[in-house]
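What follows is the residue order along each chain.
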Amino acid sequence: MRVPDPVQPTDALFLALRRLRAPLITVVVVFSVGVTGLTLIPGTDPQGHVWHLSVFDALYLMSYTATTIGFGEIPYPLSYPQRAWVIVCIFASVMGWAYFIGIMLALLQDRAFRLAVARQAFVRKVKALRRPFLIVAGYGQMGRMVAEKLDARGRSCVILDSDPASLDALADAQLSSDIPALVADARDPASLGLAGLGSPYCTGVLALTHDDEVNLAIVMAVSLLREDVPVIACANDRLTVGAMRDFGAEAVVNAYERFGNYLVMRLRHPDTYRLVTWLTAMSGEPLPPDTEEHEDGHWVIASNDGFGRELAQDLEDAGLNWSLVRPEDGPPDVSGSVGFVAGSDQDALNLALAGHARLENPDVFLAVRQSSPRAKPLLEALAPDSVFIPAQLSVSEALSRVITPDFWEFVAYLWTLDDKAADGLVSRIVQRMGRGSPDSDRFVIDTVQAPAVARWLKAGHRVHLGDLFRHPDDRTLQLRALPVTLMRDGTPTFEPPSDTLLRLGDTVVVIGQTAAFATMNQGLIYDHVVAYLATGVQVPATWVGRLLARGRRAELLRAWESGQD
């Protein structure tokens, strides 16, 4: 299917010419009449002979007169009839220029013209992108978080939003790159086409608007026009979620449902919850403190939208008792409850409900929904047991799926761990890379992403997975990174052993510090580094050095391989 792109690159020019046609004709007529008159009206030279201005002299005189420059009378002083005609031309040209400038200023303020200019600039920026990028539909709270995180990772994106006020905030955002943005309805396939849906560099679409219907329309458009491009959408209604999945959405993030899953995990498997939330948090976030499994009992949910129904369903699936109340009816009775969720769509009301619940029952498990980042300082002061931020939850999952898709499979695997296994994995990660939440990355053992390793394997040598996580300056030191998934022939192996022998085509998903990823790349692309990491044999970095040491190197390699056997 061809992605439609009906906009021509000269839209703004044609619009300007159409609006300026009348004033341009007026100015041309004034100049033409003025030049004609100056050439026909006779003058006299210093000897008293009759003379006529040439067409060029008349045009030259008219040009600097009409533009108020005034170089004087050339080539001879003008006669009185000529001066009288020049006076007429001056006033006529002033009125013509005033008419032209007025229409020009009105054109610059015209919304259609400004949109056409912005659209053409947007199209040029998108076409200039020569590296992978994502299309982000919606620049609300979720869209801003996505843009900031992508920019921090050095990833490119293109933004569509139907609200001009939302995109105005993009100009004030502290981003390191210029992100192309357009005021347009993302449901329109042509808008997606302008945003680069048909570009070979488009690697995915994120539907992050606050309207489930709009997100569904985006999913349908992308699935029908570019089925090879993954689309990840947010939705809060289960019917909409089902429709998105029917149209082949790569993933559908239901923040309401996901929070219920996290809350149940927090209650049933606190160590697993601690691990999952830590690994999906922003890079560098501290490891959450240990928590204990919460006792069963009655839960009270105060909500005025679909969030309450979704959460109640998740609690019921977990075998917990619950009651759903309306926040507008006043603070509910939580004296005999073990948990209370302040889940309205208003931050001030949630704070009031949470404060009353804590006064009434200081031991109650308190969960609060946060809709705006402005409420963050107040919630930090209140210190509830759990904070639900729909935008942050949706963005974390969406970015995890689209930036490192295989990493989300590892996160799904973590959900199946018991507390003992999760606590052991936390200990290994902290021991290797510290208590700050790690980044994730992936690489493929091929000639593009790991050329040195690929050449090493093609030469008949062996390399273990753990060798790539050694430091290239001293292989006895470990990099601050860990392999978490090994994809081979479409089958994932989670927490793969370090002595696993690598093969061509393997995909390795890693977590760790960003600096460790950069150091690891040396072993992926430099032949002498991978040789040292795999064997401990120091190989010269230059071709001449390797040629001179070829005999000694071959002897060491044979000794190493015989030892491996």
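Source: prediction; values computed, not measured.

Colleague: How do you make sense of unusual backbone geometry when you look at a structure like this?
Modeller: Excluding glycine, a negative phi dihedral is what most residues carry, and trans is how most peptide bonds are arranged. With phi around 55°, A383 is a residue other than glycine that occupies positive phi space. Of note, the phi angle at E495 is positive, near 50°, even though the residue is not glycine. Structurally, the position occupied by E495 is in the loop between β16 (491–494) and β17 (507–512).

Colleague: Can you help me understand the side chain of K149 in this one?
Modeller: Structurally, the position occupied by K149 is in helix α6 (residues 141–152). E148 is the oppositely charged side chain nearest to the buried, salt-bridge-free K149, at an N-O distance of 8.3 Å. Once residues within four sequence positions are removed from consideration, K149 is found in contact with M282, V395, S396 and L399.

Colleague: Hey, could you run me through the packing of aromatic side chains in this one?
Modeller: Two aromatic rings are characterised by how far apart their centres lie and by the angle between their planes. Applying the stated criterion across every chain, the model contains 17 aromatic pairs. Centre to centre, the rings of Y413 and F494 are 4.5 Å apart; their planes meet at 10°, and the pair counts as stacked. Residue Y413 is located in helix α17 (residues 405–414), and its partner F494 is located in strand β16; the two are separated by 81 residues in the primary sequence. Looking at F494, the relative accessible area reads 24%, which means it is partly exposed. Chaining the aromatic ring pairs together yields one cluster made of Y256, F259, F307 and F388.

Colleague: Sorry if this is basic, but what is going on with the pairing of strand β15 (residues 481–488) here?
Modeller: Note on strand geometry: in a regular strand, side chains alternate between the two faces of the sheet. Taken across its eight residues, β15 has eight buried, putting it largely inside the fold. Across six bridges, β15 lies against β17 in antiparallel orientation. Each residue of the ladder has a partner; that of P483, found in β17, is V510. As paired elements, β15 and β16 share four bridges and run antiparallel to each other. What sits directly across from R488, in β16, is T491. Where β15 hands over to β16, the hairpin turn is made up of two residues, of which D489 adopts a positive phi near 55°.

What counts as what
- Each chain has its residues counted from 1, running along the sequence as written.
- Where local features are concerned, this predicted model is filtered to residues with pLDDT of at least 70; where side-chain atom pairs are given and counted, the filter is 80 or more; whole-chain, interface and lining totals use all residues.
- The basis for every side-chain value is the complete set of heavy atoms in the structure, and neither hydrogens nor water enter the calculation.
- Going along the chain from the N terminus, every DSSP run of H or I of four or more residues is numbered as a helix, and every run of E of two or more is numbered as a strand.
- Summary of the burial criterion: residues with accessible area below 20% of their type's maximum are buried, those above 50% are exposed, and those between are partly exposed, where the area comes from a 1.4 Å probe applied to protein chains only.
- Under this rule, positive means Lys or Arg and negative means Asp or Glu; His and the chain ends count for nothing.
- A carboxyl oxygen of Asp or Glu within 4 Å of a side-chain nitrogen of Lys or Arg is what we treat as a salt bridge.
- Here a residue-residue contact requires only that any non-hydrogen atoms of the pair lie within 4.5 Å.
- Whether two aromatic rings pair depends on their centres lying within 6.5 Å, for rings of Phe, Tyr and Trp, where Trp uses its six-membered ring; planes under 30 degrees apart make the pair stacked, over 60 edge-to-face, and the rest tilted.
- Pairing between strands requires that DSSP locate at least two bridges from one strand to the other.

That is the geometry; function is a separate question.
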